[in-house]
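A closer look at the structure
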Amino acid sequence: MRFAGVAVAVAGVLVAAGAITYSVAEDGGSDAQTPAADSADAGFARDMAVHHQQAVEMSYIVRDRTSDEEVRRLAYDIAQTQANQRGMLLGWLDLWGLPKVSSKAPMTWMGMGDMASGKDGALMPGMATNTEMKKLNTLKGRPAEVFYLQLMTDHHKGGVHMAEGCVAKCTVGVEKRLAQGMVEAQQSEIDLMAGMLKERGAKARS
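What you see is a predicted model; the values in this text were computed from it and never measured.

Conventions adopted
- Residue positions within a chain follow its written sequence, with the count starting from 1.
- pLDDT decides what is reported in this predicted model: residues at 70 or higher carry local features, side-chain atom pairs at 80 or more are listed and counted, and totals for whole chains, interfaces and linings draw on all residues regardless.
- In computing side-chain properties, one takes all heavy atoms of the structure into account and sets aside hydrogens as well as water.
- The working definition used for a salt bridge is a side-chain nitrogen of Lys or Arg within 4 Å of a carboxyl oxygen of Asp or Glu.
- Only DSSP runs of H or I with at least four residues qualify as helices, and only runs of E with at least two residues qualify as strands; both kinds are numbered from the N terminus onward.
- Buried means the residue's accessible area, taken with a 1.4 Å probe over protein chains only, is under 20% of the maximum for its type, while exposed means over 50%, and partly exposed covers the values in between.
- A contact between two residues is defined here by any heavy atoms of the two lying within 4.5 Å.
- A helix is expected to span 1.5 Å multiplied by its residue count minus one.
- Any N or O atom pair separated by 3.5 Å or less is treated as a polar contact, with the protein-specific requirement of one donor-capable and one acceptor-capable atom, and with residues adjacent in sequence counted only for side-chain atom pairs.
- Between N-to-C directions, angles cover 0 to 180 degrees, with each direction set by a line fitted to C-alpha atoms, over the stretch in contact for helices.
- What makes a crossing left-handed is the near helix being turned counterclockwise from the far one by less than a right angle; a clockwise turn instead makes it right-handed.
- Think of it as three bins: nonpolar holds Ala, Val, Leu, Ile, Met, Phe, Trp, Tyr, Cys and Pro, charged holds Asp, Glu, Lys and Arg, and polar takes everything else, Gly as well.
- Buried Ala, Val, Leu, Ile, Met, Phe, Trp, Tyr and Cys residues form a nonpolar core when they are joined through side-chain atoms within 4.5 Å.
- For this text, the term disulfide refers to a pair of cysteine sulfurs within 2.5 Å.

1. Observations concerning the pattern of salt bridges
Summed over the entire model, instances satisfying the criterion amount to nine salt bridges. Arg205 is the salt-bridge partner of Asp154, the closest N and O atoms lying 2.7 Å from each other. With a gap of 51 residues between them, Asp154 in helix 5 (residues 141-169) and Arg205 in the segment after helix 6 (173-199) connect regions that are remote in the sequence.

2. So, the environment of Gly121
Topologically, Gly121 is positioned in the loop between helix 3 (69-96) and helix 4 (130-138). Relative accessible area serves as the criterion here: at 24%, Gly121 is assigned to the partly exposed category. Separated by 10 residues in sequence, Gly121 and Thr131 place their C-alpha atoms 8.5 Å apart. Residues in contact with Gly121, not counting those within four places in the same chain, are Met127, Ala128 and Asn130.

3. So, helix 3
Between the first and last C-alpha of helix 3 there are 40 Å, a value that for 28 residues agrees with the 40 Å anticipated at 1.5 Å per step. Put simply, Asp68 is the residue that caps the front of helix 3, since its side-chain oxygen is 3.1 Å from the backbone nitrogen of Glu70. Gly97, located one to two residues past helix 3, shows a positive phi value of around 70°.

4. Quick notes on the packing of helix 3 against helix 5
One way to put it is that helix 3 packs onto helix 5 with a least axis distance of 11 Å and a crossing angle of 30°. Between helix 3 and helix 5 lies a crossing of left-handed hand. Contacts between helix 3 and helix 5 involve Val71, Leu74, Ala75, Ile78 and Gln82 from the former and Glu145, Tyr148, Leu149, Met152 and His156 from the latter. Tallied by class, the residues present in the contact of helix 3 with helix 5 amount to seven nonpolar, two polar and one charged.

5. Let's talk about the nonpolar core
Core analysis: the biggest nonpolar cluster contains 31 residues, and Phe44, Leu89, Trp92, Leu93 and Met182 have the highest contact counts within it. By size, the runner-up hydrophobic cluster in this structure holds 23 residues, among which are Met58, Met133, Ala144 and Phe147.

6. Notes on unusual backbone geometry
Although it is not a glycine, Met107 sits at a positive phi angle of roughly 75°. On the secondary structure map, Met107 appears in the loop between helix 3 and helix 4. Unusually for a residue other than glycine, Asp120 sits at a positive phi of about 55°. Turning to its location among the elements, Asp120 is positioned in the loop between helix 3 and helix 4.

7. Some details on the side chain of Glu145
Tracing the sequence through the fold places Glu145 in helix 5. Accessibility expressed as a relative area gives 5% for Glu145, which makes it buried. One polar contact links Glu145 to Thr66, side chain to side chain, over a distance of 2.7 Å.

8. Looking at the state of the cysteines
Counted under the stated rule, the structure contains one disulfide. With a sulfur-sulfur separation of 2.2 Å, Cys166 is cross-linked through a disulfide to Cys170. On the S-S bond that ties Cys166 to Cys170, the torsion sits near -120°, and the link is left-handed. The class for Cys166 is buried, based on a relative accessible area of 0%.

Written out as structure tokens, the structure reads:
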């Protein structure tokens, strides 16, 4: 019964996230006014694409480190959702004719360019360090599940903060809607992962 309940919860959260992604994708991101290279719209697209890529990597790592179907399902669906959203963000940069990289520090568009130094690979708030990624690759079973859920909870908290920044600062309507969808979906997943951690006798790191 516990497995069935968690499976339904996971499915509900991720169906909602997928619906948000695809409904936004249909809009196309082609609002009348093209944003500038140093705009919040461009900065969010670049930074969240990088942020999402690490979530995808972590999710595929844990799928190979555990046989637990609850965690494997969650990890797979997070990877698929965030890979799709990453493609949309990079596609919009192409559509706008803007570079996918910037010489400015990550989070500059939020006025937080000095917040993350990139120390040990953690370029933005919530991102795992290189050391943590290597550790995840060494764990198996329950320890891998717990560490992944803790890392992804931190990752989602950082992602929610960035998405809220876009909701407040971005001007392209379709991007603001995607960002709001990220806030709602990732907060739901944070709540879900808190329950999964509790079932495993653990809790979020912060």
